[in-house]
Amino acid sequence: AQSVTQPDIHITVSEGASLELRCNYSYGATPYLFWYVQSPGQGLQLLLKYFSGDTLVQGIKGFEAEFKRSQSSFNLRKPSVHWSDAAEYFCAVGAYSGAGSYQLTFGKGTKLSVIP
Amino acid sequence: GAGVSQSPSNKVTEKGKDVELRCDPISGHTALYWYRQRLGQGLEFLIYFQGNSAPDKSGLPSDRFSAERTGESVSTLTIQRTQQEDSAVYLCASSPSGTSGMSTYEQYFGPGTRLTVT
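Residues numbered from 1 in each chain as written. Chains lettered and ligands numbered in written order. Predicted model: local features only at pLDDT ≥ 70, side-chain atom pairs only at ≥ 80, totals over all residues. Heavy atoms only, no water.

S.K.: Go over the overall build of chain A with me, naming the residues and quoting the values.
M.R.: A count of helices and strands for chain A gives 0 helices and 12 strands. Shown N-terminal to C-terminal, the secondary structure of chain A runs as helices and strands in the order β-β-β-β-β-β-β-β-β-β-β-β. Against the compact-globule benchmark of 13 Å for 116 residues, chain A has a radius of gyration of 14 Å, which places it among compact chains. Dimensions of chain A, computed from the C-alpha atoms along their principal axes, are close to 45 × 30 × 25 Å. Expressed as a percentage of its 116 residues, the buried residues of chain A come to 47%. In chain A, the proportion of contacts linking residues at least 24 apart, taken out of those at least 6 apart, comes to 53%. For chain A, the separation between the mean place of its 9 positive charges and that of its 8 negative charges on side chains is 5 Å. (Helix = DSSP H or I, 4+ residues; strand = E, 2+ residues; numbered from the N terminus. Rg over C-alpha atoms; globule rule 2.2 N^0.38 Å. Buried < 20%, exposed > 50% of the residue type's maximum accessible area, 1.4 Å probe, protein only. Contact = heavy atoms within 4.5 Å. Lys, Arg positive; Asp, Glu negative; His and termini not counted. Charge placed at Lys NZ, Arg CZ, Asp CG, Glu CD.)

See below:
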């Protein structure tokens, strides 16, 4: 079965600093990979996705992620963090469950705090 | 256009009572998912609906949990005889296609229902 590990529970960065959130996955085939962001009291919003092709994918709000098959990683990056980026970030891998559904398996999330 | 909506946004109930949570998916989305998010945890898959096919109930934690969906419209998640461990945020998501293809995995989430069992 597939799994996702986000090693960092909580990260604090200063506004304007660069950001990298780590994600490692376990899946037997070529993965479909996603990053979602959840602001307080809100549902999850899709930041970006990787299906195939170019391993560096661009998303909304200035985020990007790089798929590295050799490291089973899909780390999220942003060159300059804004205070509004403070939220919880979830990495997910998509897989066919075999029971008729196409499921996303989520990591436990990384909470990002931004210091003004 | 309108996104996924859920109601109520908050629900406080006493242990042992039944609760019903509602999800309105994006119009035209054939697939619908329910997830549970406990404090400090990731999302836990509960159930999946795709059109008129039999739902995938493999994630339901006990027989106290059930869900219904009529066609490609509203879904309700029912928890009977609620327990304190049922306290969580329940998230609903819909997807434009549930049969195959990459769009199947693009899920659009509602704001969730925060359930507190006292």
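Next comes the rest of the account.
S.K.: Would you mind going over unusual backbone geometry in detail, with residue names and values included?
M.R.: Of note, the bond from Ser7(B) into Pro8(B) is cis; its omega dihedral lies within 30 degrees of zero at -10°. For Pro8(B), the position within the fold is in the loop between β1 (5–7) and β2 (10–13). Located in the positive-phi region is Ser72(A), a residue other than glycine, with phi close to 50°. Inspection of the secondary structure assignment puts Ser72(A) in the loop between β8 (64–68) and β9 (73–78). Backbone geometry places Arg81(B), a non-glycine residue, at a positive phi of 50°. With respect to the secondary-structure elements, Arg81(B) resides in the loop between β7 (75–79) and β8 (88–95).

S.K.: Any chance you could break down the pattern of salt bridges for me, citing the residues and the numbers?
M.R.: Working definition: two side chains of opposite charge can pair if their charged atoms are close together. For the structure shown, the criterion picks out 8 salt bridges over all chains. With a shortest N-O distance of 2.8 Å, Asp85(A) and Lys78(A) are connected by a salt bridge. Residues Glu44(B) and Arg36(B) are paired through a salt bridge, measuring 3.0 Å at the closest nitrogen-oxygen approach. The network of salt bridges with common partners includes Glu64(A), Glu66(A) and Arg77(A). (Salt bridge = Lys/Arg side-chain N within 4 Å of Asp/Glu carboxyl O.)

S.K.: Requested: an account of the interface of chain A and chain B, with residues and values cited.
M.R.: With 25 residues of chain A at the interface, the matching set in chain B holds 23 residues. Applying the counting rule to chain A against chain B returns 1 salt bridge. Between Lys49(A) and Glu106(B) there is a salt bridge, with the nearest N and O atoms lying 3.5 Å from each other. Our count for the contact surface shared by chain A and chain B stands at 4 residue pairs in polar contact (both at pLDDT 80 or more). Going through the elements one at a time, β5 (32–38), β6 (44–50), β10 (87–96) and β11 (102–106) of chain A are the ones with two or more residues in the side of chain A that touches chain B. (Polar contact = N/O pair within 3.5 Å; in protein donor to acceptor, adjacent residues only side chain to side chain.)

S.K.: Pulling in residues and values, what's your account of the state of the cysteines?
M.R.: Residues and elements named next belong to chain A. Per the stated rule, a full pass over the model turns up 2 disulfides over all chains. Across a sulfur-sulfur distance of 1.9 Å, Cys-23 and Cys-91 are joined as a disulfide pair. Handedness here is read from the sign of the S-S torsion; for Cys-23 and Cys-91, about -65°, the answer is left-handed. On the criterion of sequence distance, the pair formed by Cys-23 in the loop between β3 (19–21) and β4 (24–26) and Cys-91 in strand β10 is long-range, its members being 68 residues apart. (Disulfide = S-S within 2.5 Å.)

S.K.: Which residues make up the packing of aromatic side chains, and what are the values?
M.R.: For the coordinates displayed, the defined rule picks out 15 aromatic pairs over all chains. Note on Tyr36(A) and Phe106(A): the rings are 5.8 Å apart at their centroids and 55° apart in plane angle, and the pair reads as tilted. Taken together, the residues Tyr36(A) in strand β5 and Phe106(A) in strand β11 connect sequence positions 70 residues apart. On the accessibility criterion, Tyr36(A) (0% relative accessible area) is buried. Here the aromatic rings of Tyr50(A) and Phe74(A) are separated by 6.4 Å at their centres, their planes lie at 50°, and the arrangement is tilted. With Tyr50(A) in strand β6 and Phe74(A) in strand β9, this residue pair connects regions lying 24 residues apart in the sequence. Of the two residues, Tyr50(A) and Phe74(A), neither departs from the other in class, the shared state being buried. Members of the aromatic cluster, connected to one another through ring pairs, are Tyr32(A), Phe34(A), Tyr36(A), Phe51(A), Phe106(A), Tyr33(B), Tyr35(B), Phe45(B), Tyr48(B) and Phe109(B). (Phe/Tyr/Trp six-rings, centres within 6.5 Å; stacked < 30°, edge-to-face > 60°.)

S.K.: Could you give an account of the side chain of Glu106(B), naming the residues involved and the relevant values?
M.R.: For Glu106(B), the location among the structural elements is in the loop between β8 and β9 (108–109). Engagement of the side chain of Glu106(B) in a polar contact is seen with the side chain of Lys49(A), the distance being 3.5 Å. With residues near it in sequence (within four places) discarded, Glu106(B) still touches Phe34(A), Tyr36(A), Leu46(A), Lys49(A), Phe51(A), Ser94(B), Ser95(B) and Pro96(B).

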